[in-house]
Amino acid sequence: MAVSMRSTSVPRWRSDYSAVDDLAAGARVTCYVLVSDGSVSDRALSELSERVAPVPTRTFIVGKVGGSGLDDLLSEARIGWRFVVAGSERTVGAVRSHLISAGALPAEIAAVISDGDTRVRDVYCAHCHTTSPNVPAAVGGQTPCTGCSEELTVYYHFSRRHSAYLGYRADAEELP
């Protein structure tokens, strides 16, 4: 399946910290919140903190995205806060989605992917509306749905709302 990457919604995650520099452009930043899933080394978190100095930073290690700790932190959020989310593609997508649903703007969030293995992803089934977690499938590949057991094609569309790639029945175009 030949797809132009310019016309897809597949995230163009960065693996370096230059995404952080874009957060402060033309804005008065009062606090940086560094959210990580624990896969980011202490050295990398320290480098992020140095990059945003002298602006105050808060570091939050997220275990469960919808956990009360992150929600408590977001209840304190004010204008001028910027979020740096670092970790695996799955965690970054889920935390980014949670931040936006809590009221953060996409321009206030920088995403940094820490792992080179982006083959494990969540796939949202367009037929039964189930999200299959931790699917080891490439974009354009196939995987079974955990909800309806249909063989799904992992499409070149990333839903920021569901924090998952779209999956549709592999034989959908062949049905009468």
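Residues numbered from 1 in each chain as written. Predicted model: local features only at pLDDT ≥ 70, side-chain atom pairs only at ≥ 80, totals over all residues. Heavy atoms only, no water.

Trainee: Mind showing me how you'd approach the overall build of the protein here?
Mentor: Within the protein one finds four helices and nine strands. Seen in sequence order, the protein has helices and strands lined up from the N terminus as α-β-α-β-α-β-α-β-β-β-β-β-β. Counting the 176 residues in the protein, one finds 40% classified as buried. Of the contacts made within the protein by residues no fewer than 6 positions apart, 59% connect residues no fewer than 24 positions apart. Of the roughly 9500 Å² of accessible surface on the protein, 49% is carried by carbon and sulfur atoms. (Helix = DSSP H or I, 4+ residues; strand = E, 2+ residues; numbered from the N terminus. Buried < 20%, exposed > 50% of the residue type's maximum accessible area, 1.4 Å probe, protein only. Contact = heavy atoms within 4.5 Å. Areas by Shrake-Rupley, 256 points an atom, 1.4 Å probe, with all protein chains shown as cover.)

Trainee: Honestly, the sheet that holds strand β9 (residues 164-169) in this entry has me stumped. Any pointers?
Mentor: Each strand in a sheet pairs with another by means of backbone hydrogen bonds, the pair being arranged parallel or else antiparallel. Strand order in this open sheet of five strands is β6-β5-β9-β8-β7, and the pairing throughout is mixed. Here the strands that pair on one side only, and so sit at the sheet edges, are β6 (131-136) and β7 (142-144). Strand-to-strand twist in this sheet, taken as the mean axis angle between neighbours without regard to direction, amounts to 45°. In terms of strand pairing, β7 meets strand β8 (residues 151-159) through three bridges, oriented antiparallel. From the neighbouring strand, Gln-142 faces β8, where its bridge partner is Thr-153. Contacts from helix α4 (residues 89-101) reach β5 (120-125), β6, β8 and β9 within the one sheet, and its direction differs from that of β5 by about 50°. (Pairing = 2+ DSSP bridges. Axes fitted to C-alpha atoms, helices over the stretch in contact; angles between N-to-C directions.)

Trainee: Help me understand the sheet that holds strand β2 (residues 57-61) in this model?
Mentor: The four strands are arranged β2-β1-β3-β4 in an open sheet whose pairing can be described as parallel. Looking at the sheet topology across the chains shown, the edges are occupied by β2 and β4 (109-113). Across this sheet, the average inter-strand angle for adjacent strands is 15°, counted without regard to direction. When strand β1 (residues 31-36) meets strand β3 (residues 81-87), the two strands line up parallel, connected through six bridges. Within the sheet, the bridge partner assigned to Cys-31 lies in β3 and is Trp-81. Along the sheet face, helix α2 (residues 42-52) touches β1, β2 and β3 and points at about 165° away from the line of β1.

Trainee: Got a minute to help me understand the pairing of β1 in this structure?
Mentor: A regular strand places its side chains so that they alternate between the two faces of the sheet. Most of β1 is tucked away: six of the six residues are buried. The alternating pattern of β1 places Cys-31, Val-33 and Val-35 and Tyr-32, Leu-34 and Ser-36 on opposite faces, both of which are buried. Pairing of β1 with β2, which is carried by five bridges, proceeds in the parallel orientation. Bridging across to β2, Leu-34 finds its partner in Thr-59. A crossover connection joins β1 to the parallel β2 through α2; in handedness this β-α-β unit is right-handed. (Right-handed = clockwise from strand over helix to strand, strands pointing away.)

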